[in-house]
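Chain and residue survey
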Amino acid sequence: MRAWGYVHPDDALDKAVRLLVGAAADDGGRRIGVHLADPEDMLLIAALSHGGSEPEETILPALTAVPSTTSCGTNASDDGRWVWAVLSTARPRSPSA
């Protein structure tokens, strides 16, 4: 992400990627795919399990709790189960004194 010019959200990005990859790996497929994009100054991270799992939504509360998450979801396709999160790249505002 730094190569694309983003310096935020370092910690949030790490947490989201760990959750997404963990969920895809838990589906038991032989491989996973991770995809990154930056639509409209947001970060889209998606993981594909390449397994036959149906969408389950227990991952969603954990993704929603990651700072900077603006949306997240999960769905099944012929290729496997997708789990994804969109993170804001805006720096958090400092609390007012």
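Residues numbered from 1 in each chain as written. Predicted model: local features only at pLDDT ≥ 70, side-chain atom pairs only at ≥ 80, totals over all residues. Heavy atoms only, no water.

1. A short note on the pattern of salt bridges
For the structure shown, the criterion picks out three salt bridges. Lysine 15 is the salt-bridge partner of aspartate 11, the closest N and O atoms lying 3.4 Å from each other. With aspartate 11 and lysine 15 both in helix H1 (residues 10-26) and four residues apart, the pair spans about one turn of that helix. We classify aspartate 11 as partly exposed; its relative accessible area is 48%. Residue classification places lysine 15 among the partly exposed residues on the basis of a relative accessible area of 37%. Residue aspartate 27 pairs with arginine 81 through a salt bridge whose shortest N-O separation is 2.8 Å. Taken as a pair, aspartate 27 in the loop between H1 and strand E1 (33-37) and arginine 81 in strand E4 (residues 80-88) lie far apart in primary sequence, 54 residues in all. One exposure class covers both aspartate 27 and arginine 81, and it is buried. (Salt bridge = Lys/Arg side-chain N within 4 Å of Asp/Glu carboxyl O. Helix = DSSP H or I, 4+ residues; strand = E, 2+ residues; numbered from the N terminus. Buried < 20%, exposed > 50% of the residue type's maximum accessible area, 1.4 Å probe, protein only.)

2. Topic: a nonpolar patch on the surface
On the surface, Trp4, Ile32, Val34 and Leu36 cluster together to form a nonpolar patch covering roughly 360 Å² of accessible area. On the secondary structure map, leucine 36 appears in strand E1. (Patch = residues over 30% accessible without salt bridge, like charges linked within 9 Å, V, L, I, M, F, W, Y side chains within 5 Å. Areas by Shrake-Rupley, 256 points an atom, 1.4 Å probe, with all protein chains shown as cover.)

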